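Structural overview
Spelled out, the chains give:
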Amino acid sequence: MSALPALHREDIHVALREMYQAGRQHHLFAFYGTGLAEDLNTDFAGKVQICPVSSELELRMKLRDLDHQTGGAGAGIAFLVPFRCDVPMDVAGRFARNGAVRVIGKEQRLRRIFRVDKVDSDALDSPLLEYLLTPGAPQHLACRRSMLSADDMWTAWLEHEWELPAEEELALDRMLSWAASNGRGPAFEAKLLVAGAGAVLEALERYLAAKRGDAAVLIVRAWRKGYGARVLQYALLFQALIHEPLVAVWIRAKLKTDLEVDDRVQGMPVARQLADAAPTALRELTRRAAGKGEARSLLEQAEALVDDSEVRASLVHSQFLPSAWRMRLEEFGRALGAAASGPSTAAVAHAASMLERVEKHELFKADSSRPEAQRAEMALRLAAWLASDHSGLDPWTTDSTYADVERLGRWYVSEGGFVDWARRIARGGKKTAFDQGVQAIVEAADERRQALDARFTRALPKWLEAKRPSKQVVPIDDVSRRVVAKFLDEQPDRSLLVLLLDGMAWTQAVEILLSLEDHPERWGPLAWHTDKKQQLGDSVFPVVMAGLPTVTEVSRTAFFAGKSMVAGRDHGTEKDPERFRDNAAVAKFSAQGDWPRLLLRGDGHEAHGVASQEALSLVGDRSRRVVALVINAIDAALKGDAQQWHPWRAENVRSLPELLAQARDVGRTVLLASDHGHVPADLMQTSVGAMTGGARWRPLAGVTDPVGPHEVRLSGEGVWTPKGAQAVALIADEAHRYGGGAHAGEHGGATLAEVVAPCVMIRWEDPLSAQHDRALDVTALARPPWWYLEVTDARAPESAAPKPRKAPPPPQKPEKPDNQLLLPELAPAVPIPSAPEPEPKTVATTSKPSLPPSVRALGEVATIKGLERTRRERLLRAVAFLLDRKGVAKLDAFAGHLGMPVFRIRGLVANELSPVLNVDGYQVLYCDEHHVHLELEMLAQQFEVTL
């Protein structure tokens, strides 16, 4: 380096300002150092010329030239001279300060470079100082403080010259990411060595070692030599392997051979430092514009560095490597396979722990991995369903009635849609161990569902023979009276939009209803459904039985007409508006001279699928208490190719969001209904003859005509038959059809998915309306416990069958048939069992009928006992639920238990529950991002109860 200080124009500018402000008689100045010959424009002396000279002789020559040009007067000149002593005495009088040479110190020059007010002593002693004051060094560096320290110098220089984002400090994760993506290292090192700055590199390594340890030195050395990416690759490997003692020898060997760590450095601490920094370094790399592809390539190259099979197996612990993702999926698949072979609480818990490992891998969040993530989640839910208590669905050996129609109908409304949705999402091939495990669960669920369908179709003829008893179920032709009219009759200011989604099964209804919980207006089922006085049977939602066969021409027409369709006649759906107009159950809600309006697809929708202006105007007509529209989106999708799959969120039905918005604007509740469901083509591989009726039904000439093992023969009330037929045969499983290749879905058969139609009142979150009419409050769609992976304990085998009840006392009135499932006015059409039908055990909740003693004791505490009854009961139910789960529950599970939408839980905990339990400044009950927490020890201490 040059012995002369290299002066920058700004250094000279600052010094000149000081000298002019101090007063002077001459315009010639002398500064010790060298620099560029240039003009300096100032606001205090005009233009000043900077003139470097190499010797006293050159200075004299410049002065002589000045005399010839200007006669000794003129603009100022700042001479940069190579000596510290005064200028020669014979010319000193011409200079300011009588020829004294001004020395601009290192501190002043540093203040200029970093734009600071002060310089710390450690900065003045730093080896970097001399380099920064050389001509080739950067002239301006950023400092975030007013006093410059040695740390500030290093970080600012590295950030400016090396493009290392040091910011406040040199973090290893940022260094790793930088070294992997910046390839300028070898060129920059060559530049420094040419400039004679080798000592700076040595000083930098000493600084890094003291600041961040040997790992930082390793990163910078690798960058300078051009293999910075390799360090991050090994760091990612070490992140997976560092806690595996058996691979420590492999780690030490790679540090020495591939990363050139010498024997003086302890390898394992360096590897541990790199491992700790690897996750954030990779995320930092990925965040950059082109980082995703770069990160993916880097991970693949990292895996290629592993040349040992035992080490490769240990990579399963990595959060990032693709091989770890595959291995974790395979582990989860094997756990699912075990759960499929022997469903149990322990098997589900083990599979859940394996899924947690999968979820902790970064690829779980990637869009490319979403199909596997969805399949995994749904398969685990199916495993929980298989392991849960199904004693309520076990067949009763003495049951010879239609009870299974009602029992299984209730089950399907509460759980069946969730089961069938999970089966649909989880279903796939058998290529990998993960695929095989998922498919094993799906096949086990298929087998159980097929058994339930078989039981349902065996009981269906008995239900028809009994004249369709409807205490527990609602025939679709009675929906307008028992649901629509009932709802409107209760309050004169209620109004209703009936939205019939043709072909919507409970699978799609569940998916749409769950998606509406994320809607900005928070749509959900009405509290009207949960009112015991309003419930149609023991199910929360009505168990609506579609017309048979389950086709639009039979079932939708019955829905709008309010009566069954006459056998032997054709019933075109184009006349459904007339049927709705003439339906006495709803006609009474129209003004005199008007009638109920129904719009079909042609009038209710534009060609591209959005709602027509006529439809929006009809929904917005406040004078009409009930209006209806048909949406054919789902039915149309069923006619597509079986290879297509449609997610049925609310926004995927193009007209649904705008129709809901219009209903909200005029305060109109919405009945989300269907005429029948359908079965997907997933298992439909077998054609069982020509299509003489539909894909899933065929006419029978006589009521005794033979049917196949996959069919059920139906006739009588509620069953439509074409002209010349006395009965129909309906497909009784998911695997068969008539005719050629299957579409995406088919209907017409007798399975639960086709016969049990959705029928749910929904509304948006509206506290004002709910205060006026509590039935209009919005609730959460109840999920079955297994949906949250809560396995209900199976009933003991000896209690699976119903126990005989004591004989009732002698009747006081004339004896009537003791059959609770028949309406009083209907005489029994089938033999009546001697004992009443036993009440099956429900699987809709894991909550116990009574609170545990510890919670009851908590309820006797004065501060809790004094609460308003509803609030106290909700608090105790919440505590009991959390106690049963050792103090932690997912937000959605907690919401489902309390029957509330998830979006209300944080407010409930913060505003209602926590103020009661969080006493004396202690946090007993609180929420985090995904869970509700109850600190059990704190609860016991604060309220002096034994848990």
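Our structure is the block above this text.
Below is a summary of the structure that appears in this document. Predicted model, so just to flag it, every value in this text is computed and none were measured. (Residues numbered from 1 in each chain as written. Predicted model: local features only at pLDDT ≥ 70, side-chain atom pairs only at ≥ 80, totals over all residues. Heavy atoms only, no water.)

Details of the packing of aromatic side chains
For the structure shown, the criterion picks out 27 aromatic pairs. Look at Phe559 and Phe560: their rings are 5.1 Å apart centre to centre, the planes differ by 85 degrees, and that puts the pair in the edge-to-face class. Of the two residues, Phe559 and Phe560, both sit in the buried class. An aromatic cluster is built from Tyr131, Trp154, Trp157, Trp162, Trp178, Phe188, Tyr207 and Trp223, whose rings are joined through pairwise contacts. The ring of Phe487 is capped by Arg494, whose NZ or CZ atom sits 4.6 Å from the centre of that ring. (Phe/Tyr/Trp six-rings, centres within 6.5 Å; stacked < 30°, edge-to-face > 60°. Buried < 20%, exposed > 50% of the residue type's maximum accessible area, 1.4 Å probe, protein only. Lys NZ or Arg CZ within 6 Å of the ring centre and 35° of its normal.)

Observations regarding helix 1 (residues 9-22)
Given 3.6 residues per helical turn, the α-helix brings residues three or four places apart onto the same face. Taking 1.5 Å as the rise per residue, helix 1 with 14 residues should run 20 Å; its terminal C-alpha atoms sit 20 Å apart, in good agreement. The complete set of buried residues in helix 1 reads Asp11, Ile12, Ala15, Leu16, Met19 and Tyr20. Angular distribution of buried residues about the axis of helix 1 spans 155 degrees; they occupy a single face of the element. Residues of helix 1 that are buried in the fold lie against strand 1 (28-32), strand 2 (38-41), strand 3 (47-52), strand 4 (76-81) and helix 4 (106-114). Just downstream of helix 1, Gly23 is the residue with a positive phi angle, here 95 degrees. (Helix = DSSP H or I, 4+ residues; strand = E, 2+ residues; numbered from the N terminus. Expected span 1.5 Å × (residues − 1). Arc of directions from axis to C-beta. Contact = heavy atoms within 4.5 Å.)

Quick word on the nonpolar core
Counting residues in each nonpolar core, the largest one holds 148 residues, and the members touching the most others are Phe332, Phe894 and Leu917. Among the elements that line this core, the one with the most residues is helix 21 (residues 433-465), at 12 residues. Membership of the second largest hydrophobic core comes to 86 residues, among which are Val217, Leu218, Ala295 and Ala302. (Core = buried A, V, L, I, M, F, W, Y, C linked by side-chain atoms within 4.5 Å.)

Quick word on the pattern of salt bridges
Scanning all chains against the criterion turns up 67 salt bridges. Glu18 is paired through a salt bridge with Arg102; the nearest N and O atoms lie 2.9 Å apart. Placement of Glu18 in helix 1 and of Arg102 in the loop between helix 3 (89-92) and helix 4 is noted, with a sequence separation of 84 residues between them. Here Glu873 and Arg869 are joined by a salt bridge, their closest N and O atoms 3.1 Å apart. Residue Glu873 and its partner Arg869 are located together in helix 35 (residues 869-883), separated by four residues, close to a single helical turn. A network of salt bridges, in which partner residues are shared, links Asp420, Arg423, Arg424, Arg427, Asp446, Arg449, Asp453, Asp682 and Glu734. (Salt bridge = Lys/Arg side-chain N within 4 Å of Asp/Glu carboxyl O.)

A few points about the sheet that holds strand 8 (residues 496-501)
What the six strands build is an open sheet, ordered 9-22-13-8-12-11; its pairing is mixed. Both edges of this open sheet fall to strand 9 (524-525) and strand 11 (597-599), since each of them pairs with a single strand only. Pairing of strand 13 (residues 669-673) with strand 22 (residues 759-763), which is carried by four bridges, proceeds in the antiparallel orientation. Residue pairing across strands places Ala673 opposite Cys759, the latter belonging to strand 22. (Pairing = 2+ DSSP bridges.)

Some thoughts on the pairing of strand 12 (residues 626-631)
Across the six residues of strand 12, six count as buried, placing the element largely inside the fold. The side-chain alternation of strand 12 yields two buried faces, one formed by Val626, Ala628 and Val630 and the other by Val627, Leu629 and Ile631. With six bridges connecting them, strand 8 and strand 12 associate as parallel partners. Its bridge partner lying in strand 12, Leu497 is registered against Val627. Where strand 11 meets strand 12, three bridges bridge the pair, whose relative direction is parallel. Pairing of Leu599 across the sheet is with Leu629, part of strand 12.

So, the pairing of strand 3
As defined by bridge partners, strand 2 adjoins strand 3 across four bridges and the pair is classed as antiparallel. Pairing of Asn41 across the sheet is with Lys47, part of strand 3. Of the pairings in the sheet, the one linking strand 3 to strand 4 comprises five bridges and is parallel in character. Bridge pairing in strand 4 links Val48 to Gly76.

Description of the packing of helix 8 (residues 172-181) against helix 11 (residues 214-225)
Closest axis-to-axis distance for the helix 8/helix 11 pair is 10 Å, and the angle between their directions is 15 degrees. Relative to helix 11, helix 8 is oriented roughly parallel. Helix 8 and helix 11 meet at a crossing whose hand is left-handed. Two secondary-structure elements touch here, helix 8 through Leu172, Met175, Leu176, Trp178 and Ala179 and helix 11 through Ala215, Ala216, Ile219, Val220 and Trp223. Split by residue class, the contact of helix 8 with helix 11 holds 10 nonpolar, no polar and no charged. (Axes fitted to C-alpha atoms, helices over the stretch in contact; angles between N-to-C directions. Parallel < 35°, antiparallel > 145°, perpendicular 65-115°, else oblique. Left-handed = near helix turned anticlockwise from the far one by under 90°. Nonpolar A, V, L, I, M, F, W, Y, C, P; charged D, E, K, R; others polar.)

Let's talk about unusual backbone geometry
For the peptide bond that leads from Leu548 to Pro549, omega is -5 degrees, which places it in the cis range. Take Pro549: it is sitting in the loop between strand 10 (544-545) and helix 24 (552-561). Despite not being glycine, Asn98 shows a phi value in the positive range, around 55 degrees. In this fold, Asn98 is placed in the loop between helix 3 and helix 4.

Points about the environment of Glu746
Relative to the helices and strands, Glu746 resides in strand 20 (residues 745-746). Separated by 69 residues in the primary sequence, Glu746 and Gly677 have C-alpha atoms spaced 8.9 Å apart. Contact partners of Glu746, with chain neighbours within four places excluded, come to His678, Val679, Met684, Ala695, Arg696, Arg737 and Glu754.

A closer look at the sheet that holds strand 17 (residues 711-714)
With antiparallel pairing, three strands are arranged side by side in an open sheet as 16-18-17. Looking at the sheet topology across the chains shown, the edges are occupied by strand 16 (697-700) and strand 17. The average angle at which neighbouring strand axes cross in this sheet is 25 degrees, direction not considered. Relative to strand 18 (residues 727-731), strand 17 runs antiparallel, the two being bridged by four bridges.

Observations regarding helix 38 (residues 936-943)
Here helix 38 has its buried residues at Leu939, Ala940 and Phe943. Mapping the buried residues of helix 38 onto a view down its axis gives an arc of 95 degrees, with all of them on the same face. Turned more than 90 degrees away from the buried face of helix 38, the exposed residues are Glu937 and Gln941. Of the surrounding elements, those touching the buried residues of helix 38 are helix 33 (853-859), helix 34 (862-865), helix 35, helix 37 (905-917) and strand 25 (931-934). Looking one or two residues beyond helix 38, the residue adopting positive phi is Glu944, at roughly 55 degrees.

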